[in-house]
Amino acid sequence: MNKKFWYLTKLSFNKKVKSKWFIITNIILLVAIVILFNISAIIEFFGGDFDAKTNIIVVDNANAYEIFASNLTNFADNEDYSISKSNEDIETLKNNLASAELLIVLNSSPTEYLTSELISLDKVDNLTYQIILQALNSTKSTIGMIASDIDPEVLANISASITVERTIINDSATTDENMDMIMSSVFPTLILPFFMLIIFLVQMVGGEVCEEKTTRSMEIIISNVSPKVHLLSKVLASNIFVILQSILLILYCVIAYVVSIALGGASLSSTFDFASIFSVFGQMGNTIFLVIPVTIILIILSFLSYAIVAGILASMTVNIEDFNQLQTPIMLLSIAGYYLAVMAAMFDGSIFIRIISYIPFLSVFISPTLFVLGQITIFDMLLSVLILILFIFILLKFGLKVYKSGILNYFSDKVWSRLFKAFRTKN
Amino acid sequence: MLKVEGITKRYGEIVAVDNLSFTVAKGEIFGLLGENGAGKTTTFRIIMGLLEPDSGKVTLDGKKIDYDLSSKIGFVTEERSLLTKLTVLEQIEFYATLKGMNKKDIQEKLDYWLKYFEIPEYKNRKIKELSKGNQQKIQFISAIIHEPKLLILDEPFTGLDPINVKLIKDAIYSLKEKGCSIIFSSHQMEYIEDFCEKLILLVKGKAILNGSLQEIKESYAKKTILIKGKNIDIAALKKVKGVINVEKIRDELKVSIATKDVASQVFNIVKDADITKYDVIDASLNEIFIAKVGEVHE
């Protein structure tokens, strides 16, 4: 029986890997990832500059250039902006203004101390505008304080940044303010492939069972191997396949990284904020050596549970339309898990999100997210793993009964009714 | 030898198979007849070990059929059970490996059977590219390639032309000669009459006829007399007690009679006419089937 199990597993795995769609999809994925990692180099190649600095030209009629330049440097990243003073007349500068340039005119005012004019060829993006506004407000305050004849030492103290001493009582918290930024921008990108692999997995297992059933080859197969062996071979083959696909995705990222280094390396940082991600991992200290294996176990167990449920549901179908109907709840669950993970930071330690993090199907998305956010501990993650193991055990105990009854059931009554009947069937 | 002993299978309130018993000896072809929904598929599934009966048992050579023994069984299902995206070689390899064959034997046997059915060029073609008849041949090969001890044939001639029917018939006879027990099911009664020494007729899961084809036919009282001749008094024939029906088919009269004894009275009426043929024949299996199934439904 073991021999037949491994034969079915190998056959199912080979069928997926040797299909032309697998090869085409992977070529597309490799190209897409390389492009994503090197997007700025590509834009540059076509004449654009993703990393181009915004050039700020200042016409200083208020003798405030030094203060403004200093403030702008404090508020903005030097890599994003360059600032220079110009003595040319405003009309000439306006006529020669390029799209990556901003013209700021500083004028003195007897009542407001400082007024300014911002001239640009196109609309200024919100972040740049906010930075300039902050720098201008700060410059105005400084000019105002100088005009009020405040002692330079006092002025320096007023202008200096406030000293904040931070203490976090909960030592399990591994986060800082960067985390919200990471969760909202980078994290959805990182877990998106995982979410897609789950959808892929559900459709693969379900599609294969459904195909064997609708072609009636199921009767021949099941007369030679038990339904349990049949289902588990499909589940194992699909899981090996998605793990292989995950490894390939990582490999494509490495290839894309190597390509980006070969093209100059700078483009990578503009696509992903790796430094922030690594700094978060750094904050975790030794816990990371526990979190990564637990997360991997959680992922593998979740893959298994999704695949088992897909197989069981597919066994109840008599055609692919039925399967599409039955797989909808699983899809909705995984979508819910994805969005809850992306928005986890907003729940800020609520009991609701904590409970959700233990629920099978959802735990794989939410549990690691909450851990990174510092809202749960490693023990909560281990608890999620235990609940998932228990869930898989129950799923196999009752699900195999449904599977055994379902794969030979071709009655045309409603698909959900067939499912509930199968639960009640003795054999 | 296959032994089916008192098997019963219920689906809720419905009794799909009701206390069914029969045996199929080595090298015997056994007919399993029944209208749609009579319980044939359930019976096949129980024999294949796909379903457990609520009561009774099935043994092959004295052993309960399990996953080790099921590799000795071949099954041609009524609807084609082929994965149409696979090639012929992949499909046969798949089923034959599940039956415990190794790759080398599969290749050799497949080459032999493809040549036998005159389709060696289809070995690497996808199943979906083949005609219905050729798909049926592949299905048949997949069921016999491992030389089974028991072969279940459910409508094996679907989609085949007379030449290919003959090829499959010859292959079945050859398996019978080698000692394979064969269960044959078809709605085409001429095939059953042609093939089966013994048969069972299922109606609503119950066996209403069980025995050798010869016995069943002889025990069925109604007979048919075929008469060929001139100046036959048809009106007089119709008046004979025991004559059920008289109809003219081309240049022959077909007289249906209630019992064999009526034949002598009919002969007395027609003996003085200018007759060239007078043949008393048993009812066809088709007639017996219709009559018996009809009786139960009434």
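## Looking at the overall build of chain B
(1) Moving on: If you tally the helices and strands in chain B, you get 10 helices and 14 strands.
(2) Moving on: A buried classification covers 37% of the 298 residues belonging to chain B.
(3) Moving on: Restricting to contacts in chain B with at least 6 residues of sequence separation, those with at least 24 account for 68%.

## Observations regarding the overall build of chain A
(1) Moving on: Across its full length, chain A carries 19 helices and 4 strands.
(2) Moving on: Counting over 427 residues, chain A shows a buried share of 33%.
(3) Moving on: Long-range contacts, defined as pairs at least 24 residues apart, comprise 77% of the intrachain contacts of chain A with a sequence gap of at least 6.

## As for the domain arrangement of chain B
(1) Moving on: Looking at the assigned domains, one finds that chain B contains domain 1 (2-216) and domain 2 (221-282).
(2) Moving on: Relative to domain 2 of chain B, the C-alpha centre of domain 1 of chain B lies at a distance of 41 Å.

## Remarks on the confidence of the model for chain B
(1) Moving on: A residue-level look at chain B finds 99% of positions with pLDDT of 70 or above and a mean pLDDT of 88.
(2) Moving on: For this predicted complex, the interface confidence score (ipTM) comes to 0.82, while the overall pTM stands at 0.76.

## With respect to the interface of chain A and chain B
(1) Moving on: Contacts between the two partners involve 18 residues from chain A, matched on the other side by 22 residues from chain B.
(2) Moving on: Of all the secondary structure elements, the ones that give two or more residues to the side of chain A that touches chain B are α1 (2-17) and α9 (217-222) of chain A.
(3) Moving on: It is α9(A) that contributes the most residues to the side of chain A that touches chain B, 5 residues altogether.

## Brief notes about the pairing of strand β3 (residues 29-34) of chain B
Residues and elements named next belong to chain B.
(1) Moving on: A large share of β3 lies buried, amounting to 6 of its 6 residues.
(2) Moving on: Residues I29, G31 and L33 line one face of β3 and the alternating positions F30, L32 and G34 line the opposite face, and both faces are buried.
(3) Moving on: In this sheet, strand β8 (residues 181-185) lies alongside β3 in parallel orientation, the contact comprising 3 bridges. Bridged to I29 within β8 is I182.

## A word on the pairing of strand β4 (residues 55-60) of chain B
Residue and element names in this part refer to chain B.
(1) Moving on: Here 5 bridges tie strand β1 (residues 2-11) to β4, and the two strands are oriented antiparallel to one another. By the bridge assignment, L2 is partnered in β4 with L60.
(2) Moving on: Of the pairings in the sheet, the one linking β4 to strand β5 (residues 63-64) comprises 2 bridges and is antiparallel in character. Residue pairing for β5: T59 is matched across the bridge by K64.
(3) Moving on: Taking the residues between adjacent antiparallel strands as the criterion, β4 and β5 are bridged by 2 residues, where D61 takes a positive phi near 50°.

## Let's talk about the sheet that holds strand β1 (residues 54-61) of chain A
Hydrogen bonding along the main chain pairs the strands of a sheet, whether they run parallel or antiparallel.
Residues and elements named next belong to chain A.
(1) Moving on: The strand order β2-β1-β3-β4 describes an open sheet built from 4 strands, whose pairing is mixed. The outermost strands of the open sheet, each flanked by one partner alone, are β2 (81-85) and β4 (113-120). Ignoring which end each strand starts from, the neighbouring axes of this sheet average 25° apart.
(2) Moving on: Examined bridge by bridge, β1 and strand β3 (residues 101-109) share 7 bridges and lie parallel to one another. Across the sheet, N61 pairs through a bridge with N107, a residue of β3.

## What about the sheet that holds β4(B)?
(1) Moving on: Taken in spatial order, the 4 strands make up an open sheet running β2-β1-β4-β5 (chain B), and their pairing is antiparallel. In this open sheet, the two strands that pair with only one neighbour each are β2 (14-24) and β5 of chain B.

## Digging into helix α9 (residues 262-270) of chain B
Residue and element names in this part refer to chain B.
(1) Moving on: For α9, every residue scored as buried is listed here: V262, V266 and V270. Down the axis of α9, the buried set is contained in an arc of 70°. They therefore lie on one face. The exposed residues of α9 that point more than 90 degrees off its buried face are S264 and N268.

## Remarks on helix α2 (residues 88-98) of chain B
(1) Moving on: Where burial is concerned, most of α2(B) is hidden: 8 out of the 11 residues are buried.
(2) Moving on: By the burial criterion, the buried members of α2(B) are V88(B), Q91(B), I92(B), E93(B), F94(B), Y95(B), A96(B) and L98(B).
(3) Moving on: On the buried face of α2(B), the contacting elements are α1 and α9 of chain A together with α3 (103-116) and α4 (132-144) of chain B.
(4) Moving on: G100(B), located one to two residues past α2(B), shows a positive phi value of around 95°.

## A closer look at the packing of α2(B) against α4(B)
Geometrically, a packed helix pair is captured by the angle between its two axes and the distance between the axes.
Residues and elements named next belong to chain B.
(1) Moving on: Where α2 meets α4, the axes come as close as 9 Å, and the angle between the chain directions of the two elements is 30°. One element, α2, and the other, α4, form an angle in the roughly parallel class. The handedness of the crossing between α2 and α4 is right-handed. Every residue of α4 that contacts α2 at V88, Q91, I92 and Y95 is listed here: I138, I141 and S142.

The rules behind the values
Residues numbered from 1 in each chain as written. Chains lettered and ligands numbered in written order. Predicted model: local features only at pLDDT ≥ 70, side-chain atom pairs only at ≥ 80, totals over all residues. Helix = DSSP H or I, 4+ residues; strand = E, 2+ residues; numbered from the N terminus. Buried ≥ 20, exposed ≤ 12 C-beta atoms within 10 Å, placed from the backbone. Contact = placed C-beta atoms within 7 Å. Domains from an automatic or database assignment. pLDDT = per-residue confidence, 0-100. Pairing = 2+ DSSP bridges. Axes fitted to C-alpha atoms, helices over the stretch in contact; angles between N-to-C directions. Arc of directions from axis to C-beta. Parallel < 35°, antiparallel > 145°, perpendicular 65-115°, else oblique. Left-handed = near helix turned anticlockwise from the far one by under 90°.

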